[in-house]
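Now for the letters of each chain:
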Amino acid sequence: MRTCDACGRLRALRAAAHAARGTLVRGPEAVVALRVRPGIDPMPRLRQLLTRGATVLLVADSLAEGAQAAMMEAAGAREALDAGSSPVAEVAPGPLRTEDHPAEAGVLVATSGSAGTPRLVELSLGALVSSGSLGAAAVPFGPGDRWHASLAPHHVGGNMLHMRAAVLGGSV
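As a starting point, this report considers the structure included with it. Only a predicted model underlies this, so the values are computations on that prediction, with no experimental measurement involved.

**As for helix 3 (residues 65-75)**
All buried positions along helix 3 are accounted for by Q68, M71, M72 and A75. Here the buried residues of helix 3 occupy an arc of 100° about the axis, which is enough to place them on one side. Exposed residues on helix 3 whose side chains face more than 90 degrees from its buried face are G66, E73 and A74. In this structure, the buried residues of helix 3 make contact with strand 1 (32-36), strand 2 (55-60), strand 3 (79-82), strand 4 (106-110) and strand 5 (120-124).

Dropping the structure here:
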């Protein structure tokens, strides 16, 4: 796997901060939980939070309240927002670009737990944007195209449908 210099520096910075704190690495904003559900586009609210440099914990709205609270506590999230709530502040129109956001911006997704207890995995915005761009090589998609949201947005695959659309100028 090839990595860019900026990604390597970011990884080193996060690893140093992680070692110093012994907890999940956070940007200048506290971790913010975003309750997502199928049928509601999470990108307007997600883009707003990423622009602030937040680390966004994606939480399934259908998850039991106790499980949501436990996940938020594990991530250190003190604020929870609903992806479908309004109003959402305007964000820069156009494709999602890494350079328009603080380097600390990213998302936290829970693993399935198939190998034991589910874990929270942090994905940088740079990695998400890069993956969205590279996905266009395998599946042609661009401005004016529309994708069916066939996967739940709190899973990495469902989130990537929305990310790819935001990066490439399409919609979900």
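**Observations regarding helix 5 (residues 156-168)**
Between its first and last C-alpha atoms helix 5 spans 18 Å; for 13 residues at 1.5 Å apiece the expected length is 18 Å, and the two agree. The buried fraction of helix 5 is high, at 11 of 13 residues. Within the span of helix 5, buried status applies to G158, N159, M160, L161, H162, M163, R164, A165, A166, V167 and L168. Those residues of helix 5 hidden inside the fold are in contact with helix 2 (43-51), strand 2, strand 4 and helix 4 (125-138).

**Observations regarding the sheet that holds strand 1**
Pairing is mixed across the open sheet formed by 5 strands, whose spatial order is 3-1-2-4-5. Since the sheet does not close on itself, it has two edges, and those belong to strand 3 and strand 5, each with one partner. The sheet shows a mean angle of 30° between the axes of neighbouring strands, taken without regard to direction. Pairing of strand 1 with strand 3, which is carried by 4 bridges, proceeds in the parallel orientation. Along strand 3, the bridge assignment pairs V32 with E79. Along the sheet face, helix 2 touches strand 1, strand 2, strand 3 and strand 4 and points at about 170° away from the line of strand 1.

**Describing the nonpolar core**
Counting residues in hydrophobic clusters, the biggest one holds 28 residues, and the most contacted among them are L34, L46, L49, L50, V56, L96 and M163. Sorting the residues of this core by element identifies strand 1, helix 2, strand 2, strand 4, helix 4 and helix 5 as the ones contributing at least two each. Examining the composition of this core, we find that 7 residues originate from one element, helix 5, more than from any other. Discounting residues that sit within four places of it in the chain, L96 has contacts with M43, R47, H101, L125, V129, M163, A166 and V167. By size, the runner-up hydrophobic cluster in this structure holds 9 residues, among which are A33, M72, A75 and A77.

**Notes on the pattern of salt bridges**
A complete count under the given rule lists 5 salt bridges for this structure. Of the charged contacts in the structure, one is a salt bridge between R97 and E99, with a shortest N-O distance of 3.3 Å. A relative accessible area of 40% places R97 in the partly exposed class. Its relative accessible area of 58% is what places E99 among the exposed residues. Each of R37, D61 and D82 takes part in salt bridges that share partners, so that together they form one network.

**As for the pairing of strand 1**
Counting buried positions over the 5 residues of strand 1 gives 4, a clear majority of the element. Note that strand 1 and strand 2 share 5 bridges and pair parallel. In the strand pairing of strand 2, V36 is matched with A60. In terms of handedness, the path from strand 1 via helix 2 over to strand 2 forms a crossover that is right-handed.

**Comments concerning the packing of helix 4 against helix 5**
Between helix 4 and helix 5, whose axes approach to 8 Å, the crossing angle comes to 75°. Compared by their axis directions, helix 4 and helix 5 come out roughly perpendicular. Where helix 4 approaches helix 5, its residues L128, V129, S131, G132, S133, G135 and A136 are matched on the opposing element by N159, M160, M163, R164, V167 and L168. Here the residues of the contact of helix 4 with helix 5 are counted per class, giving 7 nonpolar, 5 polar and 1 charged.

Calculation rules
Residues numbered from 1 in each chain as written. Predicted model: local features only at pLDDT ≥ 70, side-chain atom pairs only at ≥ 80, totals over all residues. Heavy atoms only, no water. Buried < 20%, exposed > 50% of the residue type's maximum accessible area, 1.4 Å probe, protein only. Helix = DSSP H or I, 4+ residues; strand = E, 2+ residues; numbered from the N terminus. Arc of directions from axis to C-beta. Contact = heavy atoms within 4.5 Å. Expected span 1.5 Å × (residues − 1). Pairing = 2+ DSSP bridges. Axes fitted to C-alpha atoms, helices over the stretch in contact; angles between N-to-C directions. Core = buried A, V, L, I, M, F, W, Y, C linked by side-chain atoms within 4.5 Å. Salt bridge = Lys/Arg side-chain N within 4 Å of Asp/Glu carboxyl O. Right-handed = clockwise from strand over helix to strand, strands pointing away. Parallel < 35°, antiparallel > 145°, perpendicular 65-115°, else oblique. Nonpolar A, V, L, I, M, F, W, Y, C, P; charged D, E, K, R; others polar.

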